[in-house]
Amino acid sequence: YHNASNYSASRTVISGDSCIKMEFKVNFICSPEADQTISFRVRRTIGSNTSIVFTDENIGSNMGIMFRNVYNGTFIDDLSESVVSNNANVSYQLQYKRNCLSGTIATNFGIVNGGNYIFLQEIYA
């Protein structure tokens, strides 16, 4: 997996029992050749602890037809399931992986510019 540029956001939480609602929009191209798909995941960092909180794998077609689309992700991260203190800094990073069964990627595909964003909102508990 690779870090998606400009797809990281941090929040200082009011309460360690809160939830963080995350929304992101990603314009992408995949499958310009057979068996090429794209996967997304979100990595959370609290202090020195990093964990994966969301994964969506193998988006696209295996038919070799270019697939240009918008990926809209919404995820609610319940911080009470991890050890988070009040006023802790919580960071999220969107990552992507280009999948290719043949092992060779001859055509560029992945995230493209235009209207992309990541948004965090604390749901105070």
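Relevant structure appears above.
Reading the values: rules and limits
Residues numbered from 1 in each chain as written. Predicted model: local features only at pLDDT ≥ 70, side-chain atom pairs only at ≥ 80, totals over all residues. Heavy atoms only, no water. Helix = DSSP H or I, 4+ residues; strand = E, 2+ residues; numbered from the N terminus. Buried < 20%, exposed > 50% of the residue type's maximum accessible area, 1.4 Å probe, protein only. Contact = heavy atoms within 4.5 Å. Areas by Shrake-Rupley, 256 points an atom, 1.4 Å probe, with all protein chains shown as cover. Lys, Arg positive; Asp, Glu negative; His and termini not counted. Charge placed at Lys NZ, Arg CZ, Asp CG, Glu CD. Phe/Tyr/Trp six-rings, centres within 6.5 Å; stacked < 30°, edge-to-face > 60°. Core = buried A, V, L, I, M, F, W, Y, C linked by side-chain atoms within 4.5 Å. 1 Å grid on protein atoms, 1.4 Å probe; cavity = no way out; pocket = protein on both sides within 12 Å on 5 of 7 lines; lining within 4 Å. Points joined across faces, edges and corners; volume = space filled by probe spheres on them. Nonpolar A, V, L, I, M, F, W, Y, C, P; charged D, E, K, R; others polar. Salt bridge = Lys/Arg side-chain N within 4 Å of Asp/Glu carboxyl O.

## With respect to the overall build of the protein
Counting its secondary structure elements, the protein contains 0 helices and 8 strands. In sequence order, the protein lays out its α and β elements as β-β-β-β-β-β-β-β. Within the protein, buried positions represent 39% of all 125 residues. Sequence-distant contacts, at least 24 apart, represent 81% of the contacts inside the protein between residues at least 6 apart. For the protein, the computed accessible surface area is about 6,900 Å², with 44% contributed by carbon and sulfur atoms. Put simply, the protein has 9 plus and 10 minus side-chain charges, and the middle of one group is 8 Å from the middle of the other.

## Overview of the packing of aromatic side chains
The full count for this structure, using the stated rule, is 5 aromatic pairs. Judged by centre distance (5.9 Å) and plane angle (75°), the ring pair of phenylalanine 28 and phenylalanine 40 falls under edge-to-face. Of this pair, phenylalanine 28 sits in strand E2 (residues 19-30) while phenylalanine 40 sits in strand E3 (residues 36-46), and the two are 12 residues apart along the sequence. Exposure remark for phenylalanine 28: the relative accessible area of 1% places this residue in the buried category. An aromatic cluster of at least three residues, connected via ring pairs, comprises Phe24, Phe28, Phe40, Phe54, Tyr71 and Phe75.

## Focus: the nonpolar core
Judged by nonpolar contacts, the single largest core of 31 residues is most densely connected at Phe24, Phe40 and Tyr92. The set of elements that each furnish at least two residues to this core consists of strand E1 (2-12), E2, E3, strand E4 (49-59), strand E5 (67-78), strand E6 (89-100) and strand E8 (117-123). Beyond its immediate sequence surroundings of up to four residues, phenylalanine 40 is in contact with Tyr1, Val26, Phe28, Phe54, Thr55, Asp56, Ile59, Tyr71, Leu94, Gln95, Tyr96 and Ile111.

## Let's talk about the layout of surface pockets
If you add up the space inside the largest pocket, you get close to 170 Å³. What lines the largest pocket is Ala4, Ser5, Asn6, Tyr7, Tyr96, Phe109, Gly110, Ile111, Asn113, Gly114 and Asn116. Breaking the lining of the largest pocket down by element, the ones donating at least two residues are E1 and strand E7 (110-111). Top element by residues in the lining of the largest pocket is E1. It accounts for 4 residues. A breakdown of the residues in the lining of the largest pocket according to their chemical character gives 5 nonpolar, 6 polar and no charged.

## Brief notes about the pattern of salt bridges
Counted according to the given criterion, the structure contains 3 salt bridges. With its nearest N and O atoms 3.8 Å apart, the salt bridge here joins glutamate 122 to arginine 11. Of the two residues, glutamate 122 is situated in strand E8 and arginine 11 in strand E1; the sequence distance between them amounts to 111 residues. Residue classification places glutamate 122 among the buried residues on the basis of a relative accessible area of 11%. In this structure, the salt-bridge partner of arginine 44 is aspartate 77, at a minimum N-O distance of 2.7 Å. With a gap of 33 residues between them, arginine 44 in strand E3 and aspartate 77 in strand E5 connect regions that are remote in the sequence. Looking at aspartate 77, the relative accessible area reads 6%, which means it is buried.

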